[in-house]
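As a plain string of letters, each chain reads:
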Amino acid sequence: MTPKDVLELARENKIVMVDLKFIDFPGIWQHFSVPLSELKEESFEEGFGFDGSSIRGWQAINASDMLILPDANTVMIDPFREYPTLSLICNILDPVTKEFYTRDPRYIAQKAENYLKSLGVADTAYFGPEAEFFVFDNVQYDQTANSSFYLVDSKEGIWNSGTDEDPNLAHKPRHKEGYFPVPPTDSLEDMRTEMVVEMQKAGIYVEAQHHEVATGGQCEIDMRFSPLVSMADQLMLFKYIIKNVARRNGKTATFMPKPIFGDNGSGMHTHQSLWKDGKPLFGGNGYAGLSEIALYYMGGVLKHSAALAALTNPTTNSYKRLVPGFEAPVNLAYSARNRSAALRIPMYSASPKAKRVEVRFPDPSCNPYLAFSAMLMAGLDGIENKIDVGEPLDKDIYELGPEELASVPQMPGSLDEAMDSLEADHEFLLKGDVFTEDALMTWIDYKREREIDELRLRPHPYEFFMYYDI
């Protein structure tokens, strides 16, 4: 699409408003809208001014003016607005220098793609995330100086099997049994289909949708793989559609990794592969039909996994899911088929085009531009330095003895540990000026001050259960 194409699309659809969307540092879409009359062809080069001081992790108030630059290739008609509205995803520029803003996550992802091409190893990095989510009927939470609580509820939650729902029609998935019962136990089939239809209208290629393992409305919709920046754009649109379709149906959707105690959390297994000149590079004669490049790529990801966690699992809640001894992929090993390893090689097809690496530890609370870029940079570091991935772990990890298990390294156990790991190991992210020292230190400081410390300062409700009578 060209700027001229965008304006023609707007005229054909009698557009009233133009919505300019951009991603903040932690990973949530922000936006403001302008009347169509304000959008000109030159707007795609000159941008629109806005105050960046209120955006989390961005400018100080004494340097708050910023420019937002629409990307014509991201144009769509927003299906959730009452008035015809055109939507554009944007980059951020400094209004004085006219340079792209180094803390803009989308720009970081664009630099990662450019760095890949500059190496000559490949020209395209494909990403295919499987972002799980929950759909609830009611969510309440509050935090004050003298109280704290949360309550999530779902009509299909097993905890409601004994409540009077006037009438209660049962058929509620038991804990860890939400994968794949038919309706009426799966009560969200039609809503997920509605989500898929909206995604298809927006140009997202959907491969499948289904209920996930947990009770209480856990779901998954799978998108076809796409190049890094394109897929990050799609994942943000994916979240937007899911949340708004849920809202349209009187429900609420969340990508919080672990909203329910005692059942599976939501992960975001991320399939990755490198291609050059339209040909796949991960197929070969090595382990599980992989090439040497693919094995080195995995070596880089495993070497830097602890640091990657700060970007792929960036919330305190992420580590309620990444707990040893359960199904979460905390073990830093690789395997064909074995889902208990952090890296898996899917074996559904022997075709070189289907060969990919599935990184299983990320979760959907991440900023996709940062998470995808970091994983790519780790993999490229593995290729550049020929990092040995070691031996595969094809055994059932839950049957390993203590000595064998002790030899398998694990993911960080908390966001604090992950930040320490990123602080100690981030040189691989600075190559090609993809991430800057400023962006990474801002990320670490923000997470420690705004999230880790904030949680650490507050009494937890369960502490009253354990300690009130101490």
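Going along each chain's sequence as written, the residues are numbered from 1 onward. Local features in a predicted model are, by the rule used here, given only for residues with pLDDT of at least 70; side-chain atom pairs are given and counted only at 80 or more, and totals for whole chains, interfaces and linings are based on all residues. The side-chain numbers reported here are obtained from all heavy atoms of the structure, hydrogens and water having been left aside.

**Some words on the side chain of Asp71**
Okay, step 1: Helical segments are the DSSP runs of H or I of at least four residues, strand segments are the runs of E of at least two, and each set is numbered from the N terminus. Mapped onto the elements, Asp71 comes out in the loop between β4 (65–70) and β5 (76–77).
Okay, step 2: Pairs of N or O atoms within 3.5 Å make up the polar contacts considered here, provided that, within protein, one atom can donate a hydrogen while the other can accept it, and that residues adjacent in sequence are counted only when both atoms are side-chain atoms. Polar contacts involving the side chain of Asp71 include one to the side chain of Arg106, which spans 2.9 Å.
Okay, step 3: Between two residues, a contact is recorded if the distance between any of their heavy atoms is within 4.5 Å. Residue contacts for Asp71: discarding those within four places in its chain leaves Leu88, Ile89, Cys90 and Arg106.

**Examining a negative patch on the surface**
Okay, step 1: Negative charge collects at one region of the surface, where Glu41, Glu42, Glu45 and Glu46 lie side by side.
Okay, step 2: Along the chain, Glu46 turns up in helix α2 (residues 43–46). What goes into a patch is any residue over 30% in relative accessible area without a salt bridge, connected to like charges within 9 Å or, for nonpolar side chains (Val, Leu, Ile, Met, Phe, Trp, Tyr), within 5 Å. Note on areas: Shrake-Rupley with a 1.4 Å probe; residue coverage comes only from the protein chains shown. Every case where a carboxyl oxygen of Asp or Glu lies within 4 Å of a side-chain nitrogen of Lys or Arg is listed as a salt bridge. Charge counting treats Lys and Arg as positive and Asp and Glu as negative, with His and both chain ends excluded. Lys charges are placed at NZ, Arg charges at CZ, Asp charges at CG and Glu charges at CD.

**Some words on the side chain of His304**
Okay, step 1: By the secondary structure assignment, His304 is in the loop between α6 (292–303) and α7 (305–312).
Okay, step 2: Of note is the side chain of His304, whose polar atom sits 2.7 Å from the side chain of Asp381.
Okay, step 3: Beyond its immediate chain neighbours, meaning those up to four positions away, His304 contacts Ala378, Asp381, Asp425 and Phe428.

**Side note on the pattern of salt bridges**
Okay, step 1: What the rule picks out here adds up to 27 salt bridges.
Okay, step 2: With its nearest N and O atoms 2.8 Å apart, the salt bridge here joins Glu358 to Arg360. Both residues of the pair, Glu358 and Arg360, count as buried.
Okay, step 3: Among the charged side chains, a network of salt bridges with common partners joins Asp19, Lys21, Asp78 and Arg81. We call a residue buried when its accessible area falls under 20% of the maximum for its residue type, exposed when it is over 50%, and partly exposed in between, using a 1.4 Å probe and counting protein chains only.

**What to know about the pairing of strand β16 (residues 331–336)**
Okay, step 1: β16 sits mainly inside the fold: 6 of its 6 residues count as buried.
Okay, step 2: Neither face of β16 is left uncovered, since the one carrying Asn331, Ala333 and Ser335 and the one carrying Leu332, Tyr334 and Ala336 both have all their residues buried.
Okay, step 3: Pairing between two strands is assigned when DSSP locates at least 2 bridges connecting them. Across 4 bridges, the pairing between β16 and strand β17 (residues 341–345) is parallel. Paired with Ser335 across the strands is Arg344, a residue of β17.

**Topic: the packing of aromatic side chains**
Okay, step 1: Two aromatic rings from Phe, Tyr or Trp, using only the six-membered ring of Trp, form a pair when their centres are within 6.5 Å; if the ring planes differ by under 30 degrees the pair is stacked, by over 60 it is edge-to-face, and anything between is tilted. Applying the stated criterion across every chain yields a total of 19 aromatic pairs.
Okay, step 2: An angle of 80° between the planes, with centres 5.6 Å apart, marks the rings of Phe25 and Trp443 as edge-to-face. A residue pair is termed long-range when its members are at least 10 positions apart, and Phe25 in the loop between β1 (17–23) and β2 (29–35) and Trp443 in helix α13 (residues 437–456) qualify at 418 residues.
Okay, step 3: With relative accessibility at 2%, the residue Trp443 sits in the buried group.
Okay, step 4: Between Tyr126 and Trp275 the ring centres are 5.5 Å apart and the planes differ by 85°, which places this aromatic pair in the edge-to-face class. Pair noted here: Tyr126 is in strand β7 (residues 124–136) and Trp275 is in strand β14 (residues 268–276), with a separation of 149 residues, a long-range link.

**Here's the deal with unusual backbone geometry**
Okay, step 1: In this structure, Pro167 follows Asp166 across a cis peptide bond, with omega equal to -5°.
Okay, step 2: Cis geometry is found at the peptide bond from Tyr179 to Phe180, where omega equals 0°.
Okay, step 3: Tracing the backbone shows Phe180 in the loop between β9 (148–153) and α4 (189–201).
Okay, step 4: The phi torsion at Ala288 lies on the positive side, around 55°, for a residue other than glycine.
Okay, step 5: In this structure, Ala288 sits in the loop between β15 (279–280) and α6.

**Notes on the environment of Glu198**
Okay, step 1: Here Glu198 lies in helix α4.
Okay, step 2: Along the sequence, Glu198 and Pro409 sit 211 residues apart, while their C-alpha atoms lie 42 Å from each other.
Okay, step 3: If we ignore the near neighbours within four places in the chain, the residues touching Glu198 are Pro79, Ile241, Val245 and Arg248.
Okay, step 4: Separated by 3.0 Å, the side chains of Glu198 and Arg248 make a polar contact.

**Some words on the pairing of strand β10 (residues 206–211)**
Okay, step 1: Here β10 runs beside strand β11 (residues 218–223); their pairing, made up of 5 bridges, is antiparallel. Across the sheet, residue His210 finds its bridge partner in β11, namely Glu220.
Okay, step 2: If you look at the hairpin formed by β10 and β11, you'll find 6 residues sitting between the two strands, and Gly216 has a positive phi there, around 75°.

**Focus: the nonpolar core**
Where a protein is soluble and globular, its nonpolar side chains tend to be buried together.
Okay, step 1: Core analysis: the largest hydrophobic core is formed by 124 residues, its most contacted members being Met195, Leu274, Leu343 and Leu376.
Okay, step 2: Per-element accounting of this core gives the leading share, 13 residues, to helix α5 (residues 228–248).
Okay, step 3: Discounting residues that sit within four places of it in the chain, Met195 has contacts with Phe133, Val135, Ile221, Ile241, Ile242, Val245 and Ala246. Remark: nonpolar core denotes a set of buried residues (Ala, Val, Leu, Ile, Met, Phe, Trp, Tyr, Cys) joined through side-chain atoms within 4.5 Å.

**Examining the packing of helix α11 (residues 415–424) against α13**
Okay, step 1: Running from N to C, α11 and α13 point in directions that differ by 160°, and their axes come no closer than 10 Å. Classified by the interaxial angle, the pair formed by α11 and α13 is roughly antiparallel. Considering the relative orientation of α11 and α13, their crossing is left-handed. Along the contact surface, α11 presents Leu415, Asp416, Met419, Asp420, Leu422 and Glu423, while α13 presents Leu440, Trp443, Ile444, Lys447, Arg448, Glu451, Ile452 and Arg456.
Okay, step 2: Residues are grouped as follows: Ala, Val, Leu, Ile, Met, Phe, Trp, Tyr, Cys and Pro are nonpolar; Asp, Glu, Lys and Arg are charged; every other residue, Gly included, is polar. For the contact of α11 with α13, the residue count by class is 7 nonpolar, no polar and 7 charged. Throughout, an axis means a line fitted to C-alpha atoms (over the contacting stretch in the case of helices), and angles, computed between N-to-C directions, take values from 0 to 180 degrees. Relative orientations are named as follows: roughly parallel for angles under 35 degrees, roughly antiparallel for angles over 145 degrees, roughly perpendicular for angles from 65 to 115 degrees, and oblique for any other angle. Handedness of a helix crossing follows the sense of rotation of the near helix relative to the far helix, less than a right angle counterclockwise being left-handed and clockwise being right-handed.

As far as function goes, none of this settles anything; it's purely spatial.
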